[in-house]
Amino acid sequence: MKTETAVQDGILFVRLSGDLIGSPDTQQLLQSVDQHLGDELRHCAVNLSEVRYINSTGIGVLVSLLTKFRSRGGELVLVNPADHPRKMLALTKLNAIFSIADDDSAAAQQLKASN
């Protein structure tokens, strides 16, 4: 799994690609987000458009990230989940918990509206 992070307008944008399956990359993702949380960020957009496969561990990581941001009074939005992640979110009924946006700009609008 490959992770890219960037901060724009007070929002942490995380772009994932590959498989979100709980390898050491997952720990690296959580640590990277934790480092940014020290910057007083409260909003995050996680782009899943290039994630081919996600398992229960990957779903757990997304829930953990959501919890981190909500516990700080913020929000997390998933951006354009690819087919398999979208099916897993529906199967686990987590699509009712997560906000989903079509692209980064729509995610930014949702996050700014959640203030």
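Chains are numbered independently. Their residues run from 1 in the order of the written sequence. Since the coordinates come from a predicted model, pLDDT governs what is reported: local features require at least 70, and pairs of side-chain atoms require 80 or more to be given and counted, while whole-chain, interface and lining totals use all residues. To obtain the side-chain values, all non-hydrogen atoms of the structure were included, while hydrogens and water were left out.

Given 3.6 residues per turn, any residue in an α-helix points the same way as the ones three and four places further on. Think of it in three bands: residues with accessible area under 20% of the maximum for their type are buried, residues over 50% are exposed, and the middle band is partly exposed, with areas taken using a 1.4 Å probe on protein chains only. The helix count covers DSSP runs of H or I at least four residues long, the strand count covers runs of E at least two residues long, and both are numbered beginning at the N terminus. Inspection of helix α3 (residues 83-91) places Pro85, Met88 and Leu89 among the buried residues, and these make up the whole buried set. One side of α3 holds all its buried residues, which, seen down the axis, span an arc of 100°. Set apart from the buried face of α3 by more than 90 degrees, the exposed residues are Asp83, Lys87 and Leu91. The contact criterion used throughout is that any non-hydrogen atoms of two residues lie within 4.5 Å. In this fold, the buried residues of α3 make contact with β3 (43-54), α2 (56-71), β4 (75-79) and β5 (99-101). In the stretch just after α3, Lys93 is the one whose phi turns positive, near 65°. Starting at the helix axis, one direction is taken to each C-beta atom, and the arc is that of these directions.

A few words on the nonpolar core. Residues enter a nonpolar core if they are buried and are Ala, Val, Leu, Ile, Met, Phe, Trp, Tyr or Cys, with the set joined through side-chain atoms within 4.5 Å. Ranked by internal contacts, the top residues of the largest apolar core, which has 26 residues, are Val46 and Leu76. Taken together, the elements giving at least two residues each to this core come down to β2 (11-20), α1 (24-37), β3, α2, β4 and α3. Here this core takes six residues from α2, the largest share from any one element. Filtering out sequence-adjacent residues up to four positions away, Val46 remains in contact with Val14, Leu16, Leu62, Leu65, Leu76, Val77, Leu78 and Val79. Within the second largest apolar cluster, nine residues are counted, among which are Ala45, Val77, Val79 and Ala107.

Before going further, it helps to examine the packing of α1 against α2. Two elements in contact, α1 and α2, have axes separated by 11 Å at closest approach and are oriented at 10°. For the element pair α1 / α2, the angle class is roughly parallel. Of the residues in α2, those in contact with Thr26, Leu29, Leu30, Val33, Asp34 and Leu37 of α1 are Val61, Ser64, Leu65, Lys68 and Phe69. Under the scheme applied here, ten amino acids are nonpolar (Ala, Val, Leu, Ile, Met, Phe, Trp, Tyr, Cys and Pro), four are charged (Asp, Glu, Lys and Arg), and all others, including Gly, are polar. Tallied by class, the residues present in the contact of α1 with α2 amount to seven nonpolar, two polar and two charged. Every axis corresponds to a line fitted to the C-alpha atoms, with the helix fit spanning only the stretch in contact, and the corresponding angles, defined between N-to-C directions, vary from 0 to 180 degrees. Working definition: roughly parallel below 35 degrees, roughly antiparallel above 145 degrees, roughly perpendicular at 65 to 115 degrees, and oblique for all remaining angles.

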